Amino acid sequence: MMTFFIILISLIATFVGSISGIGGGVLIKPVMDAVYEGTSSQISFYSGTTVLTMTIVSLLRSRKEKLDPRGIYLAIGGAVGGFAGKKVFDIALKSLGKVGLIQNIIMVILTVLVLIYTLKKDNIKTKDFKNPLASLGIGLFLGVASSFLGIGGGPINLMFLSYFFSMDTKTAALSSLYIIFFSQTVSFISTVATRSVPQIDYILLPSMMVCAVVGATVGRKVSKKLSNKGVDKLFMGLLAVIILISIYNCFRFA
């Protein structure tokens, strides 16, 4: 029953994640923290692999859409950040313990900030950085967050891309998918190369990956029919759910 529930959440999360550019892991990770009796390494691996699968499918279906030129530098920074974030996760796991608690505390703080920004963004004067170094630096930070938190980047990406680059919701969503793809690919390769792949359920993981393919395929089709306002509403509703689940997880891991 628990396996079926997680598979269903994976389908819903990747569907919504593909529409809004948040990756899906931002919902999969907190839900698995709340209900799945596994280690932080296992949950992060399940979430990261599922998100990577979703992102590949979404990008293949979006290959004809025009990417903001700055997205290339953001993606390169994200790749480096993906490697660094995996290292930070490994160090935290060995030296601090309770990585799940740390991840969820950071999730609550960042998601609340994103929700406030989204509600107030019409009154916030955004930047429009053109410097490639700025794009690399911000991509690096987002890649670290993506890899360490095991969420694929999610709403944090959209807030940064909106504020620092004045991207509209759909443009930011596409750039976010590129950042997620590169950061999670490097993180996955690092995990395999260092032989630190955790013990996994060989029924659950493939099922989550299949859901990622289905969710991403349907999600991209729906995304083309939604306005920026429609995506924003979906985004804010999901943020509220994530905050509540992450707060619950903080008490669960404390």
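Look up a bit, the structure's there.
Residues numbered from 1 in each chain as written. Predicted model: local features only at pLDDT ≥ 70, side-chain atom pairs only at ≥ 80, totals over all residues. Heavy atoms only, no water.

### Observations regarding the environment of L239
Link 1 in the chain: Within the element layout of this structure, L239 appears in helix α10 (residues 228-253).
Link 2 in the chain: Looking at L239, the relative accessible area reads 1%, which means it is buried.
Link 3 in the chain: Once you skip the residues sitting within four places of it in the chain, L239 turns out to touch T111, V114, L115, T118 and P155. (Helix = DSSP H or I, 4+ residues; strand = E, 2+ residues; numbered from the N terminus. Buried < 20%, exposed > 50% of the residue type's maximum accessible area, 1.4 Å probe, protein only. Contact = heavy atoms within 4.5 Å.)

### What to know about the pattern of salt bridges
Link 1 in the chain: All chains considered together, the criterion is met by 6 salt bridges.
Link 2 in the chain: Between E37 and R252 there is a salt bridge, with its nearest N and O atoms 3.0 Å apart. Taken together, the positions of E37 in the loop between α2 (25-35) and α3 (40-61) and R252 in helix α10 put the pair 215 residues apart, joining distant regions of the chain.
Link 3 in the chain: For E37, a relative accessible area of 71% gives the class exposed.
Link 4 in the chain: Given the relative accessible area of 29%, R252 is considered partly exposed.
Link 5 in the chain: Of the charged contacts, one joins D68 and R70 as a salt bridge, the two residues approaching to 2.9 Å between their closest N and O atoms. Taken as a pair, D68 and R70 share a single burial class, namely buried. (Salt bridge = Lys/Arg side-chain N within 4 Å of Asp/Glu carboxyl O.)

### Thoughts on the packing of helix α7 (residues 154-165) against helix α8 (residues 169-193)
Packed helices, taken two at a time, are described by their axes: the angle between them and the distance between them.
Link 1 in the chain: Interaxial distance between α7 and α8 falls to 9 Å at its minimum, and their mutual angle equals 125°. Taken together, α7 and α8 sit at an angle that is classed as oblique. Along this stretch, α7 crosses α8, giving a crossing that reads as right-handed. Packed against α7, whose contacting residues are G154, N157, L158 and L161, the element α8 presents A172, A173, S175, S176, I179 and I180 at the interface. (Axes fitted to C-alpha atoms, helices over the stretch in contact; angles between N-to-C directions. Parallel < 35°, antiparallel > 145°, perpendicular 65-115°, else oblique. Left-handed = near helix turned anticlockwise from the far one by under 90°.)

### A few points about a nonpolar patch on the surface
Link 1 in the chain: Among the surface-exposed residues, F4, L8, L11, I12, V210, V214 and V218 lie close enough to one another that they form a single nonpolar patch of about 570 Å² accessible area.
Link 2 in the chain: Listed by contribution, the elements that provide at least two residues to the nonpolar patch are α1 (2-20) and α9 (204-225).
Link 3 in the chain: By the element assignment, V214 lies in helix α9. (Patch = residues over 30% accessible without salt bridge, like charges linked within 9 Å, V, L, I, M, F, W, Y side chains within 5 Å. Areas by Shrake-Rupley, 256 points an atom, 1.4 Å probe, with all protein chains shown as cover.)

### Focus: the layout of surface pockets
If you roll a probe as big as a water molecule over the atoms, it shows you where there is empty space left.
Link 1 in the chain: Roughly 310 Å³ of internal volume is contained in the largest pocket.
Link 2 in the chain: What lines the largest pocket is a set of 21 residues, among which S41, S44, K86, F89 and T191 lie closest to the centre.
Link 3 in the chain: Top contributing element to the lining of the largest pocket by residue count: α3, with 6 residues.
Link 4 in the chain: In this structure, the second largest pocket is lined by 16 residues; those nearest its centre are K121, S162, M167, D168 and T169.
Link 5 in the chain: Secondary-structure elements contributing two or more residues to the lining of the second largest pocket are α5 (99-120), α7, α8 and α10.
Link 6 in the chain: Each residue belonging to the lining of the second largest pocket can be placed in one class, and the counts come to 7 nonpolar, 6 polar and 3 charged. (1 Å grid on protein atoms, 1.4 Å probe; cavity = no way out; pocket = protein on both sides within 12 Å on 5 of 7 lines; lining within 4 Å. Points joined across faces, edges and corners; volume = space filled by probe spheres on them. Nonpolar A, V, L, I, M, F, W, Y, C, P; charged D, E, K, R; others polar.)

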